[in-house]
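Understanding the architecture of this molecule
Listed below, chain by chain, are the residues.
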Amino acid sequence: MKSILVTGSAGFIGSNLVMRLLDNEEPISIVGLDNLNDYYDPKLKEYRLSLIETKVKSHSVHNYSFIRGSIADKELINNIFNDNHFDIVVNLAAQAGVRYSIENPDVYIESNILGFYNILEACRHNPVKHLVYASSSSVYGGNKKVPFSVDDKVDNPVSLYAATKKSNELFAHCYSKLYNIPTTGLRFFTVYGPAGRPDMAYFGFTNKLLKGETIQIFNYGNCRRDFTYVDDIVEGVVRVMNKAPQKKIGEDGLPIPPYAIYNIGGGQPENLLDFVQILQEELIRAGVLPQDYDFDSHKELVAMQPGDVPTTYADATALERDFGFTPKISLREGLRKFAEWYKYYYLS
């Protein structure tokens, strides 16, 4: 039975990944780990865990367990790895958010640097077949060349969050080289969908519009984002999990690092004003907002925020080449699913 650790399993991507893995026909053993911190409403994380528990009951062929704890707790991580023999580790636990990192740097160092180091050390002492970890499109910083390719230089982060994610990639390369650990980093591009993170624009905009508050559209509406629906992200993760970089020996007799990086993004950057237009149409369609809602009086165009970038745009050709997969779900389809979920979760 294949054994998998998913850290951040109560998070947006992590919970969806666990539920997707539970659809596997072959029996697997899944350990989920999450500290359920209060960066945003823990009730949303509890809700996601309840969805997992419901699914587990109808998929009794699998083993599933959940542990509440932090990847920054070295003793805990060591105990989990000692008690299990993981084939695959998917590290999605991280302190997210660009703007939050400007005012709260300590938690980023604790989770994204120390926590990831603990995972790497555990994989070193308890060898795994593949370590997959979340990086971010934010590593591209203020790069002017678009679309962003994994071959581009990423040496100029514009936020501490981005710097920690770039550090993860460097740490992983080091451990792949020194200890022959197959690692794959995934640069996610603006993930959205039902039960997502409330600090993301589409979710925050919806909350504010419902309260009659004004939403701020940064860079005077001239930002573009490569929105990627969560199911597309999860499909990419699952395909990558099952195909680790090959271990090879170089001419010097030492391991060639079994190390890879991929973008997972839709490859269709949307202007924020167009994105807001689609969002408002779908919120009305779902009955979250009334037909006659005056959006124009609730929108404010403002300057760029520190740590933000004007454009994210994924070149995902490497993902297509190696795994035969490209994200396919359109922004309208994704926002429609979000709006319908929002109506169900908050208003019914």
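Please refer to the structure higher up on the page.
Residues numbered from 1 in each chain as written. Predicted model: local features only at pLDDT ≥ 70, side-chain atom pairs only at ≥ 80, totals over all residues. Heavy atoms only, no water.

Taking burial as the measure, the six residues of strand β6 (residues 183-188) include six buried ones, the bulk of the element. Residues of β6 alternate between two faces, with Thr183, Gly185 and Arg187 on one and Thr184, Leu186 and Phe188 on the opposite face, all of them buried. Relative to β6, strand β5 (residues 130-136) runs parallel, the two being bridged by six bridges. Considered in β6, the bridge of Ser136 is made with Phe188. With helix α6 (residues 160-179) bridging β5 and the parallel β6, this β-α-β connection has right-handed handedness. One ladder, built from six bridges, connects β6 with strand β13 (residues 259-264); its direction is parallel. Looking at β13, one finds that Thr184 is bridged to Ala260. (Buried < 20%, exposed > 50% of the residue type's maximum accessible area, 1.4 Å probe, protein only. Helix = DSSP H or I, 4+ residues; strand = E, 2+ residues; numbered from the N terminus. Pairing = 2+ DSSP bridges. Right-handed = clockwise from strand over helix to strand, strands pointing away.)

Our focus in this paragraph is the nonpolar core. Judged by nonpolar contacts, the single largest core of 74 residues is most densely connected at Leu17, Leu21, Phe188, Tyr202, Met241 and Phe275. At eight residues, the largest contribution of residues to this core is made by helix α9 (residues 272-286). Aside from chain neighbours lying at most four places away, what touches Leu21 is Ile4, Val6, Ile28, Ile30, His62, Val238 and Met241. One finds Leu5, Leu33, Phe116 and Ile119 within the second-largest nonpolar core, a separate group that totals 23 residues. (Core = buried A, V, L, I, M, F, W, Y, C linked by side-chain atoms within 4.5 Å. Contact = heavy atoms within 4.5 Å.)

Glancing now at the side chain of Lys166. Residue position: Lys166 is located in helix α6. One buried charged residue, Lys166, forms no salt bridge at all, with the nearest opposite charge on Asp155 at 4.3 Å. Setting aside anything within four residues of it in sequence, one finds Lys166 in contact with Val139, Val154 and Asp155. (Lys, Arg positive; Asp, Glu negative; His and termini not counted. Salt bridge = Lys/Arg side-chain N within 4 Å of Asp/Glu carboxyl O.)

The next thing to look at is the sheet that holds β5. With parallel pairing, the seven strands of this open sheet are ordered in space as β3-β2-β1-β4-β5-β6-β13. Each of the sheet's edge strands pairs with one partner strand only, and the pair in question is β3 (63-68) and β13. Taking the axes of each pair of neighbouring strands and ignoring which way they run, one obtains an average angle of 15° across the sheet. Docked against the sheet, α6 engages β5, β6 and β13, running at close to 155° with respect to β5. Contacts between helix α8 (residues 230-241) and the sheet are confined to β1 (2-7), β4 (88-91), β5, β6 and β13, with β6 contributing the most and set at about 170° to the helix. (Axes fitted to C-alpha atoms, helices over the stretch in contact; angles between N-to-C directions.)

All chains considered together, the criterion is met by 31 aromatic pairs. Judged by centre distance (6.5 Å) and plane angle (35°), the rings of Phe148 and Phe189 are tilted. Here Phe148, found in the loop between β5 and α6, pairs with Phe189, found in the loop between β6 and β7 (191-192); they are 41 residues apart in sequence, far enough to count as distant. Taking relative accessible area as the criterion, Phe148 reaches 1% and is therefore assigned buried. Since its relative accessible area comes to 0%, Phe189 is described here as buried. Between Phe203 and Tyr346 the ring centres are 6.1 Å apart and the planes differ by 85°, which places this aromatic pair in the edge-to-face class. Of this pair, Phe203 sits in helix α7 (residues 201-210) while Tyr346 sits in helix α11 (residues 331-347), and the two are 143 residues apart along the sequence. Over the ring of Tyr40 we find Lys45; its NZ or CZ atom is 4.6 Å from the centre of that ring. Over the ring of Phe323 we find Lys243; its NZ or CZ atom is 5.3 Å from the centre of that ring. (Phe/Tyr/Trp six-rings, centres within 6.5 Å; stacked < 30°, edge-to-face > 60°. Lys NZ or Arg CZ within 6 Å of the ring centre and 35° of its normal.)

Let's shift gears to the environment of Asp87. Along the chain, the position of Asp87 falls in the loop between α3 (74-83) and β4. With 216 residues separating them in the primary sequence, Asp87 and Ala303 have C-alpha atoms 47 Å apart. Every residue in contact with Asp87, bar those within four places of it in the chain, is listed here: Met1, Lys2, Ser3, Val128, Lys129 and His130. Separated by 2.8 Å, the side chain of Asp87 and the backbone nitrogen of Ser3 make a polar contact. (Polar contact = N/O pair within 3.5 Å; in protein donor to acceptor, adjacent residues only side chain to side chain.)

Let us now look at the environment of Gly334. Tracing the backbone through its elements, the reader meets Gly334 in helix α11. Put simply, Gly334 and Leu279 are 55 residues apart on the chain and 9.8 Å apart in space, counted from C-alpha to C-alpha. Residues within four places of Gly334 in sequence aside, it is in contact with Tyr192, Tyr229 and Ile329.

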